[in-house]
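So you can see what is in the structure, the chains are spelled out below.
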Amino acid sequence: MTQATVPLKRSFGATRRPDTWWIQPGIVFLLLGGFVVYATWAAFQGDHYRFGPYLSPFYSPELFGSADSWFGAWPAWWPGLLRLSPALLILWAPGGFRLTCYYYRGAYYKAFWADPPACTVGEPRVVYRGEHRFPLILQNLHRFFLYLALAFIVILSLDVWRALWFVDPATGRTAFGMGVGTLVLAVNVVLLGGYTLGCHSLRHLVGGGLDLLAGRPVRRSAYACVSCLNRVHMRWAWASLVWVAFSDLYVRLCASGVWTDWRIF
């Protein structure tokens with residue numbers, strides 16, 4: 001019997017795959033690259049991130065910068081360069097969670113570093129260094145970023161509650177209501193919650209450390225719930241990424257007077 005030999009090392013892009021394998025990493029490159037560009041631009045604006053009771057998720061929690069922020073205006077001792085935008089104080093936390101996410105690692109390693117571009121496709125390097133050196137060793141901080149991401153879900157949920165209370169310009173009184181922006185922020189929390197609560201690290205945290213879940217109904221139910229979300233983790237990851245950018249855009253355009261926020265009641 002004749003046996004075919006397959007070389008272990010291929011030149012960059014070399015493959016025997018007949019399909020259009022480059023489409024998926026190309027789409028990931030465009031979507032993820034576009035998000036990074038927009039989020040960076042939006043974070044440095046430092047303006048138009050509030051509209052009525054709405055607060056952009058890129059700026060929540062707003063620690064300093066306005067009368068409505070947690071700690072009021074910027075303190076006098078705060079360096080002037082760091083007063084550019086309140087978003088710069090908090091975006092590192094959700095950004096770090098996504099950057100170290102197990103799914104996103106595989107996605108942007110392929111799309112941005114071609115490591116490898118796709119399965120059985122040659123990559124532009126011959127040595128695998130792993131993630132045991134700086135800066136990739138920081139990927140091991142994913143579980144700690146998860147704790148921060150869970151706190152952000154609570155904070156953003158409170159923002160949705162605040163987005164249900166509108167000030168009547170005629171009387172100055174605050175009344176319960178709902179606008180399109182309220183629904184936009186609520187969907188954002190749902191999508192971010194589905195992505196965060198389906199995290200691989202959370203699944204290990206709630207039940208993966210046990211050899212046997214029998215006799216532990218609470219842990220077993222929590223593990224099953226996280227596993228259910230984890231099965232479609234990729235969908236939650238992309239849906240939440242696109243929607244959180246849209247949420248910021250919605251608030252920004254309403255605050256700029258470009259869009260009108262329609263009141264439902």
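Residues numbered from 1 in each chain as written. Predicted model: local features only at pLDDT ≥ 70, side-chain atom pairs only at ≥ 80, totals over all residues. Heavy atoms only, no water.

Draft legend 1. Local environment of the overall build of the chain. A count of helical and extended segments in the chain gives eight helices and four strands. Along the chain, helices and strands appear, N-terminal first, in the series α-β-β-α-α-α-β-β-α-α-α-α. Counting only C-alpha atoms, the chain reaches 90 × 50 × 40 Å along its principal axes. Scored against the burial criterion, the 265 residues of the chain give a buried share of 40%. Summed over all atoms, the accessible surface of the chain reaches about 15,700 Å², with 68% contributed by carbon and sulfur. (Helix = DSSP H or I, 4+ residues; strand = E, 2+ residues; numbered from the N terminus. Buried < 20%, exposed > 50% of the residue type's maximum accessible area, 1.4 Å probe, protein only. Areas by Shrake-Rupley, 256 points an atom, 1.4 Å probe, with all protein chains shown as cover.)

Draft legend 2. Quick peek at the environment of Thr15. Here Thr15 shows up in the segment before α1 (23–45). Taking relative accessible area as the criterion, Thr15 reaches 27% and is therefore assigned partly exposed. Dropping the residues within four chain positions of it, Thr15 is found in contact with Trp21, Thr120 and Val121. (Contact = heavy atoms within 4.5 Å.)

Draft legend 3. How the structure looks around the side chain of Ser247. Inspection of the secondary structure assignment puts Ser247 in helix α8 (residues 233–255). Ser247 gets classed as buried once you look at its relative accessible area, which sits at 0%.

Draft legend 4. View of the environment of Cys101. Position of Cys101 relative to the elements: it lies in the loop between α2 (92–99) and α3 (102–113). Between the C-alpha atom of Cys101 and that of Arg220, which follows or precedes it by 119 residues, the distance is 24 Å. Look past the residues within four positions of Cys101 in its chain and what remains in contact with it is His142, Tyr195 and His233.

Draft legend 5. Structural detail: the side chain of Asp159. Checked against the element boundaries, Asp159 lands in helix α4 (residues 142–162). Excluding anything up to four places from it in sequence, Asp159 contacts Leu55 and Ser60.

Draft legend 6. Structural detail: α4. Given a rise of 1.5 Å per residue, 21 residues ought to cover 30 Å, and the 30 Å separating the end C-alpha atoms of α4 matches this to within 8%. Where α4 is buried, its residues meet β2 (54–55), α2, α3, α5 (180–197) and α6 (200–208). (Expected span 1.5 Å × (residues − 1).)

Draft legend 7. View of the nonpolar core. By size, the foremost hydrophobic cluster in this structure holds 42 residues, and its most contacted members are Phe35, Phe58, Phe97, Tyr103, Tyr104 and Trp238. For this core, the secondary structure elements donating two or more residues are α1, β2, α3, α4, α5, α6 and α8. In this view, Phe58 contacts Phe35, Tyr38, Ala39, Ala42, Ala87, Ile90, Leu91, Val244, Ala245 and Asp248; residues no more than four positions away in its chain are not counted. Counting eight residues, the second-largest nonpolar core is a separate cluster that includes Leu63, Phe64, Ile90 and Phe152. (Core = buried A, V, L, I, M, F, W, Y, C linked by side-chain atoms within 4.5 Å.)

Draft legend 8. Structural view of unusual backbone geometry. Look at the link from Asp115 to Pro116: it is a cis peptide, with omega at -15 degrees. Put simply, Phe134 and Pro135 share a cis peptide bond, and its omega is 5 degrees. By secondary structure assignment, the location of Pro135 is in the loop between α3 and α4. Of note in the backbone geometry, Ala114 takes a positive phi value of approximately 55 degrees without being a glycine.

Draft legend 9. Quick look at a nonpolar patch on the surface. Residues Phe134, Ile137, Leu138, Leu141, Phe144, Tyr147 and Leu205 make up a contiguous nonpolar surface patch of about 690 Å² in total accessible area. By secondary structure assignment, the location of Leu205 is in helix α6. (Patch = residues over 30% accessible without salt bridge, like charges linked within 9 Å, V, L, I, M, F, W, Y side chains within 5 Å. Salt bridge = Lys/Arg side-chain N within 4 Å of Asp/Glu carboxyl O.)

Draft legend 10. Seen up close, the environment of Leu192. Tracing the sequence through the fold places Leu192 in helix α5. Sequence separation between Leu192 and Leu156 is 36 residues; the distance between their C-alpha atoms is 9.5 Å. Excluding its chain neighbours within four sequence positions, the residues that come into contact with Leu192 are Arg98, Ile153, Leu156, Ser240 and Val244.

Draft legend 11. Spotlight on the pattern of salt bridges. By the definition in use, this model includes four salt bridges. In this structure, Arg17 engages Asp19 in a salt bridge whose closest nitrogen and oxygen atoms are separated by 2.7 Å. With a relative accessible area of 37%, Asp19 lands in the partly exposed category. Taking the shortest distance from any N to any O, the salt bridge between Arg50 and Glu62 comes out at 2.9 Å. With Arg50 in strand β1 (residues 50–51) and Glu62 in the loop between β2 and α2, this residue pair connects regions lying 12 residues apart in the sequence.

Draft legend 12. Layout of α2. Taken together, the buried positions of α2 are Ala93, Gly96, Phe97 and Arg98. Looking at the buried positions of α2, the neighbouring elements they touch are α3, α4, α5 and α8.

So far we have only geometry, and geometry alone does not tell us how the molecule works.
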